[in-house]
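Listed below are the residues making up each chain.
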Amino acid sequence: NYDMEDFSLINTSDTYDRRDGVSDADTFLDMTQAMTVMGITTIEQHSVFAVCCALLHASNLSFADIGEVECALETENPHLGYVVDLLGITRDGLNKALCYYEITVGGRGGKGGETHRKELSQAQAKKGVEALIKTTYGAMFKYLVDRINISIAGDA
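Sequence order sets the numbering: in each chain, residues are counted from 1 along the sequence as written. Local features in this predicted model are restricted to residues whose pLDDT is 70 or higher, and side-chain atom pairs enter the listing and the counts only when it is 80 or higher, whereas totals over whole chains, interfaces and linings include all residues. Neither water nor hydrogens contribute to the side-chain values; these are computed over all heavy atoms in the structure.

(A) Examining the packing of aromatic side chains more closely. Stacked, tilted and edge-to-face are the three classes assigned to paired rings of Phe, Tyr and Trp, where Trp is represented by its six-membered ring and a pair needs centres within 6.5 Å; plane angles under 30 degrees give stacked, over 60 edge-to-face, the rest tilted. Within the structure shown, the criterion is met by three aromatic pairs. Three or more aromatic residues joined by ring pairs make a cluster, and in this case those are Tyr2, Phe7 and Tyr82. By the criterion adopted, a ring carries a charge over it if an Arg CZ or a Lys NZ lies within 6 Å of its centre and within 35 degrees of its normal. For arginine 117, the ring lying beneath its charged end belongs to tyrosine 100, and the centroid distance is 3.9 Å.

Put into structure tokens, the structure is as follows:
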């Protein structure tokens, strides 16, 4: 089990203790009830929570040098398994996405051309994790706003 303090994404604020007497458990229950009222199914809610958990774990991913510039995800990092399981992706796919980039020159419509693959440094891969977290969170936030707007428009 992990606590809030265990995640790099949120452990820099040191403001975990509520001083207003509000119960996080009660607030969570209120939120899930509101999501249900807005037409967000239990399955969709669980998916949203899984993505949030995956992003927290992704903030703790680490990399090992495997060459002069090249790096790879540290496979012994306990957070890696959570990220790939919760997002439904493979370790190899995540490693390729974070530690390499490809450019295809020539061809049309994704066909033909010459593909070049380049290694990324640990610093670049860490920036990739940050971008993945921000982009995924942004997409999830937009999804929730769109779902809420559809629900509100349907009630009008």
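Let us keep going from here.
(B) Broad picture of the layout of surface pockets. Here a cavity means grid points, on a 1 Å grid over the protein atoms only, where a 1.4 Å probe fits yet cannot get out; a pocket means an open set of points with protein on both sides within 12 Å along at least five of seven lines; lining residues are those with an atom within 4 Å of a point. Grid points are joined across faces, edges and corners, and a volume is the space filled by probe spheres set on the points. Roughly 560 Å³ of internal volume is contained in the largest pocket. Lining of the largest pocket is provided by 22 residues; of these, Met31, Phe49, Cys52, Tyr137 and Met140 occupy positions nearest its centre. Secondary structure is summarised from DSSP: a helix means a run of H or I of at least four residues, a strand means a run of E of at least two, and numbering begins at the N terminus for each. When contributions to the lining of the largest pocket are tallied by element, the ones reaching two or more residues are helix 1 (24-37), helix 2 (42-58) and helix 5 (122-155). Ranked by residue count, the leading element in the lining of the largest pocket is helix 5, at seven residues. What the second largest pocket holds in volume is close to 160 Å³. As for the second largest pocket, its lining consists of Leu9, Ser59, Leu61, Lys126, Val129, Glu130, Ile133 and Lys134. All amino acids are sorted into three groups, where Ala, Val, Leu, Ile, Met, Phe, Trp, Tyr, Cys and Pro are nonpolar, Asp, Glu, Lys and Arg are charged, and the leftover types, Gly among them, are polar. Of the residues assigned to the lining of the second largest pocket, the class counts are four nonpolar, one polar and three charged.

Geometric values such as these leave the question of function open.
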